[in-house]
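Residue-level structure breakdown
The lines below spell out each chain.
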Amino acid sequence: MTTTAAFAPDAGPSDATRRVALRLDDVRKTYGTEDNRVTALDGVSLALPAGTFTAVMGPSGSGKSTLLQCAAGLDRPDAGTVHVDGEQLTHGGEAALTKFRRERIGFVFQQFNLLPTLTVLENTVLPLRLAGKRVDRAAAVAVLTRIGLGERLGHLPAQLSGGQQQRVAIARALVTRPKVVFADEPTGALDTRSARDVLGLLQEAVTTHGRTLVMVTHDPVAAAYADSVLFLADGRIVGRLPQPTAEAVAARMTHLTDRAAL
Ligand code: ADP
């Protein structure tokens, strides 16, 4: 298995040829107080080139959610730095961090997190409204039409299936043209067919629109849609699998879970 060093940011000439969209340097995060301190992230460094799709896997408690939260600016690391598209995540106040997130980051959650009283179209353009940006209604309608929701612009989330709600959530995450999109178990609440649709859409955001995508998942089939998989254990990156197949991912996960149980 490859070691953490293989994921250290590359300061060489390749940076010049392919922009790094997300970079973490020695990120650490602990929870709790002295007596019951838990190290959730134990020095994570990585550099993800723009236009790539990375899956993050690892046993329960390995630090996946904490990694996503810190990388997306939803939580602050105790030490280390996070850069999104070359800009360091701010150490400023909450308002500055919120602005940073709104301008550079998109988020897709397991439970969709659509606002129940807003329509499909209103949910989709909400990030633009919150950021005080001009809402290009025609562009939003075009996107929703392309993902098969053109007939449902005025529907409320409760009138949609889970798969449809997640597609709206993806449209919402992409509407601000973020540099990096984070997805936390985006197919965890979906049936197999809807999951496939959602993964196809996420993949298209990368291949067609050049977005950079980081997805936490438990599912080897979902991970196989990514360009590469990072494996976490005990708050560290312990492996990377390029061009993953579901079988290879499952085998690596079995190995990690067995190790964690020792
Ligand atoms: P994963 O997403 O891989 O299951 P997490 O990032 O949720 O892992 O958790 C990593 C470790 O940090 C676990 O031991 C977990 O119990 C702990 N942890 C996560 N969040 C908190 C919190 N808010 N308070 C205390 N401990 C936490």
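Please refer to the structure placed before this passage.
Note that this is a predicted model, so its numbers are computed, not measured. (Residues numbered from 1 in each chain as written. Predicted model: local features only at pLDDT ≥ 70, side-chain atom pairs only at ≥ 80, totals over all residues. Heavy atoms only, no water.)

1. Looking at the nonpolar core
- Counting residues in hydrophobic clusters, the biggest one holds 44 residues, and the most contacted among them are L144, M215, V229, F231 and V249.
- In terms of residues, this core owes the most to one element, helix α7 (residues 192–207), which gives 6 residues.
- Not counting chain neighbours up to four residues away, the residues in contact with M215 comprise F53, T54, A55, V56, A183, P186, L199, L202, A222 and A223. (Core = buried A, V, L, I, M, F, W, Y, C linked by side-chain atoms within 4.5 Å. Buried < 20%, exposed > 50% of the residue type's maximum accessible area, 1.4 Å probe, protein only. Helix = DSSP H or I, 4+ residues; strand = E, 2+ residues; numbered from the N terminus. Contact = heavy atoms within 4.5 Å.)

2. Things to note about the pairing of strand β10 (residues 236–242)
- Pairing analysis gives 6 bridges linking strand β9 (residues 228–233) to β10, with the strands arranged antiparallel. Residue pairing across strands places L232 opposite I237, the latter belonging to β10.
- In textbook terms, the turn of a hairpin is the stretch between consecutive antiparallel strands, and for β9 and β10 this stretch comprises 2 residues, one of which, D234, has a positive phi near 50 degrees. (Pairing = 2+ DSSP bridges.)

3. As for the sheet that holds strand β5 (residues 87–88)
- Read across the sheet, 4 strands follow the order β2-β1-β4-β5 without closing on themselves; strand pairing throughout is antiparallel. Both outer strands of the open sheet, β2 (38–49) and β5, are each paired with one neighbouring strand and no more.
- By the bridge criterion, 9 bridges tie strand β1 (residues 20–31) to β2 in an arrangement that is antiparallel. Paired with R23 across the two strands is A47, which belongs to β2.

4. Re the sheet that holds strand β3 (residues 53–57)
- The strand order across the open sheet built from 6 strands is β6-β7-β8-β3-β9-β10, with neighbouring strands paired in mixed fashion. In this open sheet, the two edge strands, each paired with only one partner strand, are β6 (105–108) and β10. Neighbouring strand axes in the sheet, compared pairwise and without regard to direction, differ in orientation by 20 degrees on average.
- Pairing of β3 with strand β8 (residues 212–216) involves 4 bridges; the strand directions are parallel. The partner of A55 across the bridge, within β8, is M215.
- Each of β3, β6, β7 (180–184), β8 and β9 touches helix α2 (residues 64–71); the most contacted strand, β7, lies at about 150 degrees to it.
- Each of β6 and β7 touches helix α3 (residues 94–104); the most contacted strand, β6, lies at about 80 degrees to it. (Axes fitted to C-alpha atoms, helices over the stretch in contact; angles between N-to-C directions.)

5. Re the site of the ligand
- Neighbouring the ligand are the residues Y31, V38, A40, P59, S60, G61, S62, G63, K64, S65 and T66.
- The separation between an oxygen atom of the ligand and a polar main-chain atom of G61 is 2.7 Å.
- Between S62 and the ligand, the recorded distance is 3.1 Å, taken from a backbone N or O atom to an oxygen atom.
- In the complex, 58% of the free accessible area of the ligand, which totals 560 Å², lies under the protein chains. (Near = heavy atom within 4 Å. Polar contact = N/O pair within 3.5 Å; in protein donor to acceptor, adjacent residues only side chain to side chain. Areas by Shrake-Rupley, 256 points an atom, 1.4 Å probe, with all protein chains shown as cover.)

From the geometry alone we can't say anything about function, so treat these as descriptive.
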